[in-house]
4 protein chains.
Amino acid sequence: MNTLGHIFRLTTFGESHGTAIGGVIDGCPSQLKLDFDFIDSELLRRKTAQSSTASQRKETDQIEWLSGLLDGVTLGTPIAFMVRNEDCKTEDYEALKDVYRPSHADFTYEQKYGIHDWRGGGRASARTTLPIVVAGAIAKQILKGKGITIAAEVTAMGDTEQARKEGDTVGGIVECCITGVPAGLGEPMFGKFSAELAHAMFSLPAVKGFEVGDGFALAKMKGSEANDTFINKDGKITTLTNHSGGIQGGITNGNDIVFRVAFKPIPSIAKPQQTVNRAGEPCQVAIEGRHDVCALPRAVVLVEALAAMVTVDAMLLR
Amino acid sequence: MNTLGHIFRLTTFGESHGTAIGGVIDGCPSQLKLDFDFIDSELLRRKTAQSSTASQRKETDQIEWLSGLLDGVTLGTPIAFMVRNEDCKTEDYEALKDVYRPSHADFTYEQKYGIHDWRGGGRASARTTLPIVVAGAIAKQILKGKGITIAAEVTAMGDTEQARKEGDTVGGIVECCITGVPAGLGEPMFGKFSAELAHAMFSLPAVKGFEVGDGFALAKMKGSEANDTFINKDGKITTLTNHSGGIQGGITNGNDIVFRVAFKPIPSIAKPQQTVNRAGEPCQVAIEGRHDVCALPRAVVLVEALAAMVTVDAMLLR
Amino acid sequence: MNTLGHIFRLTTFGESHGTAIGGVIDGCPSQLKLDFDFIDSELLRRKTAQSSTASQRKETDQIEWLSGLLDGVTLGTPIAFMVRNEDCKTEDYEALKDVYRPSHADFTYEQKYGIHDWRGGGRASARTTLPIVVAGAIAKQILKGKGITIAAEVTAMGDTEQARKEGDTVGGIVECCITGVPAGLGEPMFGKFSAELAHAMFSLPAVKGFEVGDGFALAKMKGSEANDTFINKDGKITTLTNHSGGIQGGITNGNDIVFRVAFKPIPSIAKPQQTVNRAGEPCQVAIEGRHDVCALPRAVVLVEALAAMVTVDAMLLR
Amino acid sequence: MNTLGHIFRLTTFGESHGTAIGGVIDGCPSQLKLDFDFIDSELLRRKTAQSSTASQRKETDQIEWLSGLLDGVTLGTPIAFMVRNEDCKTEDYEALKDVYRPSHADFTYEQKYGIHDWRGGGRASARTTLPIVVAGAIAKQILKGKGITIAAEVTAMGDTEQARKEGDTVGGIVECCITGVPAGLGEPMFGKFSAELAHAMFSLPAVKGFEVGDGFALAKMKGSEANDTFINKDGKITTLTNHSGGIQGGITNGNDIVFRVAFKPIPSIAKPQQTVNRAGEPCQVAIEGRHDVCALPRAVVLVEALAAMVTVDAMLLR
C-alpha cells in the first residue's frame, strides 16, 4: 500500500527523521535519457516554494541514484533513489512524544500499528512526498515527448502573513490542467481517469476535496447548461465548452483535463491547543519549531507530479 | 479494470441491452447466511427511488445466484450473480447510433475501443451499477455484524419538476455517514481510507466531486478552526469536533466518516442539442425515451453500497 | 484469488453442482470477431477426451454468453459467460458428505473455510476448469493472428485399462510447445515467463510438477552441455539447441517454448480406502460413480489454454 | 514486476555493478524486533556457501537500513535496505560487452529493453537475489514466532571439483521442507499454495524445474499408491503418508510442505564456446573471472527465503 500505479509504479519509503527517504520506480520505459537538472529544479520548486510560507528545515535534498540507470539512461529495470535525512532535530519532538497533536496522524498510526515514529511526524510527515516529485519529474519527461504538459497553480489561499502572526495556518485550493492528452485514456468502470486522479491526489497529506471540470458547481446546473457540445474543429472532434474537465464516462475526450484539489490548513500550529496524551489525560500543546504556514505553495509541484504519473500510467496501460 | 477492491473484490460485467448484467464477488468471508430479502430491498431502493425523477424502464431485477452459496450460506468461493436484461427497446437508440450525444461516453468509448455498444448506453449505462448494489448489500450485512452502519441522503438537488417540464435534468449532492468504524483502518500513504473512498465514488457515472469532512470548506479555514481537539470521553479517546470526517493521516480515527459526492446532471435531455455525428458532421439531437430527470435518488443506495464495500475491504486488509 | 492474469484476466466462478460454472474475461482486446465454433470444439476436446478414460457425466456444456459482445465482436468490456450445471446427481455424494476422501480437498477446504460444498467436489471439482478452456480458446484466437501456435500432448501415462479393472487411476505427463513467440516477452525478476507458466499450470487440479526446457534433466548436466549456442540463421539470431526451452533470464528468446506438467493420479478411486470422517473417526470409503481413470486426456486442452492465456497476457503487458 | 507477494511484499532493485542492490519490504507486521545478527548470518550463508564452488568476488554485503524501523523495531511502514556494490571490476566485462553469452540473458534483455547493463550481468546477475535473503530472514523470524521452521538442502549436485578443472559448471537439486504450517493456507483456484511456491522459486536464476511432494514420480503411480490416507493422530487429523507434500486442492493440510527445485548449471563457463555478437557475427567466448562452479550451495538459503516469504504472505492473506 506504499505503491502507486499499475504499470508505471512508484513505491516510496522513509520517515521524516529516519535514515533516508526514497522510492523505487518500476515500469519506466527503457532508453529514456533522464534530465537530472529538470528533476533537481522540480525538487527545488517543492523545497523553496514561497519563502513566506515554507518551514525552515534545511533540506539539501541531494538525490542519490541507486539503480536502473546506465550513463543516465533508463534500463527498464527499477529506478531506485534516495535522499538522506539531515538536519534532524529530534529533540524538538521529544516533548510531543506522548501527546496526540490535534488533526495529526499520531493517534491513528498508534491505533493501526501500535507504534509510531514520533520524530518529526515519521511516515506521516510532508517530507515523505519528496519521492513523488522525483517520479513526477520523470513522468513529465515522458509526457513532454508526447506533447503533453501539466501546469498547476494556487487558486485560493488564506492570508498567510496574518496567520503567521497569530501562530496559525491556512488552507487553500490548487487547480491543475493537463494539456495535450489524447482521447481514449482511462478505464470505463472502476479505473476511470477521474477516479485514478482522485485516488492519487488524496494520497497527499491534508487533501480533503477533489473535483473534476466544474465539479461541485455542476451539482447546481441543469443538463442543458452542463453538457459539452461536440464540435468539429478543423476536422477534429472536440467540445465547445469543457464543463466535464476533459473526461466523459471515465475516459479522456482529448480536451484539457482540469481538476481542483482542496487542502485543509496544516494542523501544526503554534497557538496553544487542548488535547490528550497517550494515557488519555487532557493536556495543552503548542507546536513550536519550523513549520509551514501553508502547504499550498509546496503542493503545486506535488499535484503536477501525481497528475503526470497517472497520465503516464494510463498511456502505458492502453 | 472492472474490478474494485483488494480482498473483498467485485468484478462487474454487462451492457445495458446485452444478455445480462452481473458480478462476481471474490473474497467474501465464508459462513455468512445471506439475507436475500435485504438485498432485494436494496435493489428496490435503486429501482424505484423517487418516482418523480426515475425513468420508466421496467426492471424486474430478479437476481439469479450462480455460485458461491450452499443453502444461502457463503462458501468463501466466488459469489456470481446476474440479472437478465429485459424490456430492451433497442429501436429507441437506433436513431442515435451514429450521433455523439453531448457529455455522454459515446465518443470516448469509440476513441478507446474503436467500437461501442450504442444500445441503451451499453457499458456506460447507469444500469451497470446494479451489481454494486448487490455487493454493497452483502458488505452491509458483514458490517452490521460489527456494529457499523451506513446512511446516505440527498442534501442538494435541483428543481426536478421544473426540469422535467423543460425537458431538462438536474444534478445534486449526496452526503454519506459511516458510523461505528473502528480506529486504525486504511493505509497511510497511497491507500488512504479517503483515497479509497474517492476512487470508489468516482466509479459512479456523473460523479464530478468528492470531499471528506468539511472538504472544500476547510480550504478557507485556519488551522485553529479546522483542527479536531482530542478528548477523553468515558475512557475512550475521540475528537470533540469532526472537521476531518473521521480520517486523519489517511487512517480512521473512530469518529463518524462523513463525505459528500457531487453529481452532474444526467446528460440525456429531451431538449434539442447541437452536436456532431461519427462522420464529424454537425447535427441536432433530442434524447427521447425513458430517462431520469435526476440520478440523485437512485445514487443514494449506490453511494452507501460503495462505502460499505470500501469499509469491508479495509477491515479484511487489516 | 480466483483471477488469473495481469491485463488479460480471467475470473472464474462456480461449483460442480451449483447453478452454473463460468467466468469473466477482462482486458480482451476489442474488435475481435469470436470464432464460436472453435470455442465449442475446444470444449469438446476437454469433454470427450479419450472415452476410455473419461467419466460418464453428461455435460452438454452449452455456453451462454452474457456480456462484452456485439454481434459476436468483442467490445473491450468484460466478456462474461456461463454453463449451467445439469445432470447433477447429488445423491451420489450424500454418503461422502462427512468423509474426508484421501488426497481430496475436502479436509483442506474445511480447514480454510469452515464449510465446503460436498456436492460433486464443489469448487475443487475438475469441472471448474471449464472456463479456462473458454478463455484459452479466445486467447488462442488472438495468438493465431500473430502467428503463434500452441500444441500439447500426453507424453507419459499409466496403463488405464488395467487401472480401470482394478478400480484404480493413473497419472501422467503433458508436454506443451508454444511456437512463434517473439523474443522479449516476460519480466526478468518476479514475473519471469517461466514463473508465470508455472503459476498457471499449478492452478490445474492434480498438478505436482512443472519443468521448462530440459528441466530436471538439466540438474545433471554440465554447463557446456546445457548451454544453448547462439547462431545466426538467415540473418536472425537464434539458438542451435533449446535446452532452455525458449526462455533465458525469464524472457523469451524467440525459440519454441517447451515445458512439461506432471499430474498425479486422480484421487477418486473405486478401491476401498481407509480414512477418517469429520468427527475424526476411522472409516472406509470406496468412491463409486462416474469418475475419470486418468485426467491426462482432458488436461491437454487445459494446458494449452493456460499457456495461451499467459502468452497473450505477456504480449499485452509489453 | 519487480515485486513479489500480496500482503508481505518485496520490491527489489539494483544491478550487479550499479550503485547498490536493495529492496523495500511492504506489509511487514509492526512491532517486530528485528534480529540483525540472524539476518547477517543468513547473508553469510549465501555469500560463503561452499568455498569449493563459490566465486571469489568480495562482497562485504553490509546492509544499510533506510526506513521502517525505530530502535530496530518494525513500524509497519516500508522497510527499505540496501547494500552498496563494491569491488566492481567492470573491465572484466568490457570484452563481453557486445557478445551474447550462451544461455545468458544478454540477448533476451536486449530484445526486451533495447538496452542492457552489460557490467557483471546487470540486473540478471545472481547478486540481485541478495534482497531476497534479507526479506526471507525477516519472514523466517515472523514464522519462528508461530512455530514454523524451514530447512532446505542440496540433494543432488554434479561433480564440482572435476567441473572446475575442466572450466565447466554443474547443476543440481535443492529440496526444502516447511514444518509446522497450519492447515488451511493457500487459495483454491489461481493462488494455490503450490502455485505461489512455484512462481516464487522460478524467480531464482537458473531454475528450470519445480515439484511438490512426490512430484514427477506421482505421474507414474496409481491412485491407490499416491493417495495419502487420513488418520487421527492423538486427536488431530493428519495423513499417514505425504505424497502430496502437505498441499491438497492447493491448500495446506497441516503436514510438512515438501518441494524440490531443479537448477541448471551456471552458464558462465571458462571453456571456449561458440556464439554470435550483437552484429550477428559468429565469435568465440571464454568467460574468465570469478564465477561459481555451481549455484546450488548459495541457492539453499534463497529457496528457504522465498519459501518463508510465501508462507508469511499466505498467513497474512488468511
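It should be noted that the structure appears before, not after, this text.
Described below are features of the structure shown in this document. (Residues numbered from 1 in each chain as written. Chains lettered and ligands numbered in written order. Predicted model: local features only at pLDDT ≥ 70, side-chain atom pairs only at ≥ 80, totals over all residues. Heavy atoms only, no water.)

1. Brief notes about the overall build of chain A
Under the convention used in this document: For the purposes of this entry, the term helix denotes a DSSP run of H or I that reaches at least four residues, the term strand denotes a run of E that reaches at least two, and both are numbered from the N terminus. Note on method: radius of gyration uses C-alpha positions; expected globular size equals 2.2 Å times residues raised to 0.38. To sort residues, take the accessible area from a 1.4 Å probe on protein chains only and compare it with the maximum for the residue type: under 20% means buried, over 50% means exposed, and anything in between is partly exposed. Each accessible area is a Shrake-Rupley result for a 1.4 Å probe, and residues are judged covered by the shown protein chains and nothing else. Only four residue types enter the charge count: Lys and Arg as positive, Asp and Glu as negative, with His and the chain ends excluded. Every charge is mapped to an atom, namely NZ of Lys, CZ of Arg, CG of Asp or CD of Glu.
What chain A contains, in helices and strands, is eight helices and 17 strands. Expected size for 318 residues packed as a compact globule is a radius of gyration near 20 Å; at 21 Å, chain A falls within 12% of this value. If you line up chain A on its principal axes, its C-alpha atoms span 65 × 55 × 35 Å. Of all 318 residues assigned to chain A, the portion counted as buried reaches 67%. Summing over all exposed atoms, chain A offers an accessible surface of approximately 10300 Å²; the carbon and sulfur share of this is 49%. In chain A, the 33 positive side-chain charges and the 38 negative ones have mean positions that sit 1 Å from each other.

2. Quick notes on the relation of the copies chain D and chain C
The line we're drawing: When the copies are overlaid, the least-squares fit takes in C-alpha atoms only where the residue has pLDDT of at least 70 in both copies. Contacts are residue-level and defined by heavy atoms, with any inter-residue pair within 4.5 Å sufficient.
Take chain D, turn it by 180 degrees, move it 0.0 Å along the axis, and it overlays chain C with an RMSD of 0.0 Å. Look at the turn and shift together and you get a two-fold axis relating the two. Interface residue correspondence from chain D to chain C reaches 100%, placing this contact among same-surface, isologous pairings.

3. Concerning the relation of the copies chain B and chain A
Aligned on chain A, chain B shows an RMSD of 0.0 Å; the corresponding rotation is 180 degrees and the shift along the axis is 0.0 Å. Comparing contact sets, 99% of the residues at the interface of chain B also lie at the interface in chain A, consistent with an isologous, same-surface contact.

4. Side note on the packing of aromatic side chains
Quick note on the threshold: Ring geometry is summarised as follows: Phe, Tyr and Trp rings, the Trp one being its six-membered ring, pair when their centres sit within 6.5 Å, and such pairs are stacked at plane angles under 30 degrees, edge-to-face over 60 and tilted between the two.
Going through the model one piece at a time under the given rule, you end up with 34 aromatic pairs over all chains. Ring geometry for Trp65(A) against Phe81(A): centres 5.8 Å apart, planes inclined by 50 degrees, an arrangement best described as tilted. Of this pair, Trp65(A) sits in strand 4 (residues 64-65) while Phe81(A) sits in strand 7 (residues 79-84); the two residues are 16 residues apart in sequence, bridging distant segments of the chain. The same class applies to Trp65(A) as to Phe81(A), namely buried. Each ring, one from Phe216(C) and one from Phe216(D), has its centre 5.6 Å from the other, and the planes form 65 degrees; the classification is edge-to-face. Residue Phe216(C) is located in the loop between strand 10 (207-212) and helix 7 (223-226), and its partner Phe216(D) is located in the loop between strand 10 (207-212) and helix 7 (223-226); the two belong to separate chains. As far as the burial class goes, Phe216(C) and Phe216(D) line up, both buried. Within the aromatic cluster, the residues linked to one another by ring pairs are Phe36(A), Trp65(A) and Phe81(A).

5. With respect to the interface of chain D and chain C
Convention followed: When two parts are put together, the accessible area they lose, computed with a 1.4 Å probe and summed over both, is reported as buried area. The salt bridge criterion pairs a side-chain nitrogen of Lys or Arg with a carboxyl oxygen of Asp or Glu, the two atoms within 4 Å. Residues adjacent in sequence count toward polar contacts only when both atoms are side-chain atoms; beyond that, a polar contact is any pair of N or O atoms within 3.5 Å, and within protein one must be able to donate a hydrogen and the other to accept it. Lys, Arg, Asp and Glu make up the charged group, whereas Ala, Val, Leu, Ile, Met, Phe, Trp, Tyr, Cys and Pro make up the nonpolar group; the residues left over, Gly among them, are polar.
If you look at the interface, chain D gives 91 residues, while chain C gives 92 residues. Of the roughly 7600 Å² buried between chain D and chain C, counting both surfaces, carbon and sulfur atoms make up 64%. Per-residue buried area on chain D facing chain C is highest for Met1(D), Phe190(D) and Lys208(D); these three make up 12% of the total on that side. Applying the counting criterion to the chain D and chain C interface returns four salt bridges. Across the pair Glu166(C) and Lys222(D) runs a salt bridge, and its minimum N-O distance is 2.8 Å. Scanning the region where chain D abuts chain C turns up 41 residue pairs in polar contact (both at pLDDT 80 or more). For the side of chain D that touches chain C, the residue count by class is 40 nonpolar, 35 polar and 16 charged.

6. Focus: the interface of chain B and chain A
With 93 residues of chain B at the contact, the number on the chain A side is 92 residues. Counting each side, the surface lost to burial between chain B and chain A is near 7600 Å², with a carbon and sulfur contribution of 64%. Its largest share of buried area at the contact with chain A, chain B owes to Met1(B), Phe190(B) and Lys208(B), together 12% of the area lost on that side. Where chain B packs against chain A, one counts four salt bridges.

7. Structural notes on the environment of His291(D)
Here His291(D) lies in the loop between strand 17 (282-285) and helix 8 (296-317). Each C-alpha atom, one on His291(D) and one on Ile269(D), is 8.1 Å from the other, the two residues being 22 residues apart in sequence.

8. Description of the sheet that holds strand 1 (residues 3-4) of chain D
Residue and element names in this part refer to chain D. What counts, and what does not: At least two bridges found by DSSP between two strands is the condition for calling them paired. The convention used is that axes are lines fitted to C-alpha atoms, helices contributing only their stretch in contact, and that angles between N-to-C directions extend from 0 to 180 degrees.
If you trace the five strands from one edge of the open sheet to the other, you get 1-2-3-7-4, paired in antiparallel fashion. Strands with a single pairing partner mark the edges of an open sheet, and in this sheet they are strand 1 and strand 4 (64-65). Two elements, strand 3 (residues 20-26) and strand 7 (residues 79-84), share six bridges in a ladder whose sense is antiparallel. Directly across from Ile21, in strand 7, lies its bridge partner Val83. Against the sheet, helix 4 (residues 130-144) makes contact with strand 2 (9-13), strand 3, strand 4 and strand 7, and its axis sits at roughly 35 degrees relative to strand 3, the strand it touches most.

9. Concerning the state of the cysteines
Residue and element names in this part refer to chain A. Test applied: Count a disulfide wherever a pair of cysteine sulfur atoms falls within 2.5 Å.
Applying the stated rule across the entire model yields zero disulfides over all chains. No disulfide involves Cys28; its nearest neighbouring cysteine sulfur is the one of Cys176, lying 20 Å away. For Cys28, a relative accessible area of 4% puts it in the buried group.

10. Focus: the sheet that holds strand 10 of chain D
Overall, antiparallel pairing links the eight strands, which are arranged 8(C)-9(C)-15(C)-10(C)-10(D)-15(D)-9(D)-8(D) in an open sheet. Looking at the sheet topology across the chains shown, the edges are occupied by strand 8 (149-157) of chain C together with strand 8 (149-157) of chain D. Across the sheet, the axes of successive neighbouring strands diverge by a mean angle of 20 degrees, strand direction being ignored. Note: strand 9 (residues 172-179) of chain D against strand 15 (residues 257-263) of chain D, seven bridges, orientation antiparallel. For Glu175(D), the partnering residue across the bridge sits in strand 15 of chain D and is Arg260(D). Lying on the sheet, helix 8 (residues 296-317) of chain C is in contact with strand 8, strand 9 (172-179) and strand 15 (257-263) of chain C; it crosses strand 8 of chain C at an angle near 145 degrees.

11. Structural notes on the pairing of strand 11 (residues 230-233) of chain D
Residues and elements named next belong to chain D. Bridge analysis of strand 11 against strand 12 (residues 236-239) gives four bridges, and the strand direction is antiparallel. In the sheet register, Asn232 faces strand 12, and the bridge partner there is Ile237. Taken together, strand 11 and the strand that follows it, strand 12, pair antiparallel across an intervening segment of two residues, in which Asp234 is found at a positive phi of about 55 degrees.

12. Notes on the side chain of Asn277(D)
By the secondary structure assignment, Asn277(D) is in the loop between strand 16 (273-276) and strand 17. Among the residues examined, Asn277(D) registers a relative accessible area of 15% and is labelled buried. With residues near it in sequence (within four places) discarded, Asn277(D) still touches Ile237(C), Asp98(D), Val99(D), Tyr100(D) and Cys283(D).

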